[in-house]
Amino acid sequence: MRLTSLNKAATEKLGCEPNELVSKSLYELLAGEDASRLEEAERHLSPEYARPAAETQVLSKDGNPVALEIVSRWITEGGKAVGIHGIARDITERKEREEATHRFREQLHQAEKLRALGEMAAGIAHNFNNLLTGVMGYAELMKLKGDVPEATQKDADKIVESAQKVLRDCSAHPDVRAAHRYDSAGTRRLESGRPGHD
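Parameters at a glance
Residues numbered from 1 in each chain as written. Predicted model: local features only at pLDDT ≥ 70, side-chain atom pairs only at ≥ 80, totals over all residues. Heavy atoms only, no water. Phe/Tyr/Trp six-rings, centres within 6.5 Å; stacked < 30°, edge-to-face > 60°. Lys NZ or Arg CZ within 6 Å of the ring centre and 35° of its normal. Helix = DSSP H or I, 4+ residues; strand = E, 2+ residues; numbered from the N terminus. Core = buried A, V, L, I, M, F, W, Y, C linked by side-chain atoms within 4.5 Å. Buried < 20%, exposed > 50% of the residue type's maximum accessible area, 1.4 Å probe, protein only. Contact = heavy atoms within 4.5 Å. Salt bridge = Lys/Arg side-chain N within 4 Å of Asp/Glu carboxyl O.

A. Region of interest: the packing of aromatic side chains. Following the criterion strictly, the structure yields zero aromatic pairs and no others. Geometry around Trp74 places Arg51 over its ring, the cationic atom sitting 4.6 Å from the centre.

Okay, here's the thing in structure tokens:
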């Protein structure tokens, strides 16, 4: 599919002179895998049916990608297709907004997963706290008894120390702390701002 003519807007967008583009294959201008994708799709198109709109990226002369939406129609003579007339619209900004929206939704999804994990960890830590508080209480009561052997009192001290260490470790765990890093709406603050709207 070779280019036969382009308007001024197209040449300015690509940063080329008309004579640099005329007779050049359209697929040479496409970025990445778009060339093979569109070329393969073109093989299955028939002049008997309308041509579908297509989105692709072309590379300008300085190498910058430009996202385009292309609407085209067959040019026919005597019932046979002799060419294609296409109109391309620059959708770079729209694609950037879509990508920003996608990133925002991914961050929001991760935030929701972290919130659920934090709430679960906080609940487990709370249960541990209740259980260990009871264990520590019984160990302290055991130490108060006058007839408890010294070795048993040392064992009770170790129980209290171990329980206190477990409580400190649970409180310091990042998954437990994460449960408190949410704003008043219940959603973790994201680093990037909400993307713009159309």
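B. Focus on unusual backbone geometry. Here Ser23, not a glycine, exhibits a phi torsion of approximately 80 degrees, which is positive. With respect to the helices and strands, the residue Ser23 is situated in the loop between α2 (18–21) and α3 (34–43).

C. Layout of the nonpolar core. By size, the foremost hydrophobic cluster in this structure holds 14 residues, and its most contacted members are Leu14, Leu21, Leu30 and Val58. Of all the secondary-structure elements, those providing two or more residues to this core are α3 and β2 (65–77). A total of three residues in this core trace back to one element, the largest contributor, which is β2. The contact partners of Val58, leaving out residues within four places of it in the chain, are Leu14, Leu29, Leu30, Ala31, Asn64, Pro65, Val66 and Leu68. Counting seven residues, the second largest nonpolar core, distinct from the first, contains Leu132, Met136, Ala139 and Ala156.

D. Local environment of the pattern of salt bridges. Tallied over the entire structure, the rule returns 14 salt bridges. The shortest N-O distance in the salt bridge between Lys13 and Asp90 comes to 2.7 Å. Taken together, the residues span a long stretch of sequence, with Lys13 in helix α1 (residues 8–14) and Asp90 in strand β3 (residues 80–90) at a distance of 77 residues. Between Glu150 and Lys154 there is a salt bridge, and its shortest N-O distance comes to 3.8 Å. One end of the pair, Glu150, and the other, Lys154, are both in helix α5 (residues 150–172), four residues apart, so they sit about a helical turn from each other. Residue class for Glu150 comes out exposed when judged on its relative accessible area of 57%. Given the relative accessible area of 48%, Lys154 is considered partly exposed. Bridged by salt links that share partners, the residues Glu55, Arg94, Lys95 and Glu98 form one connected network.

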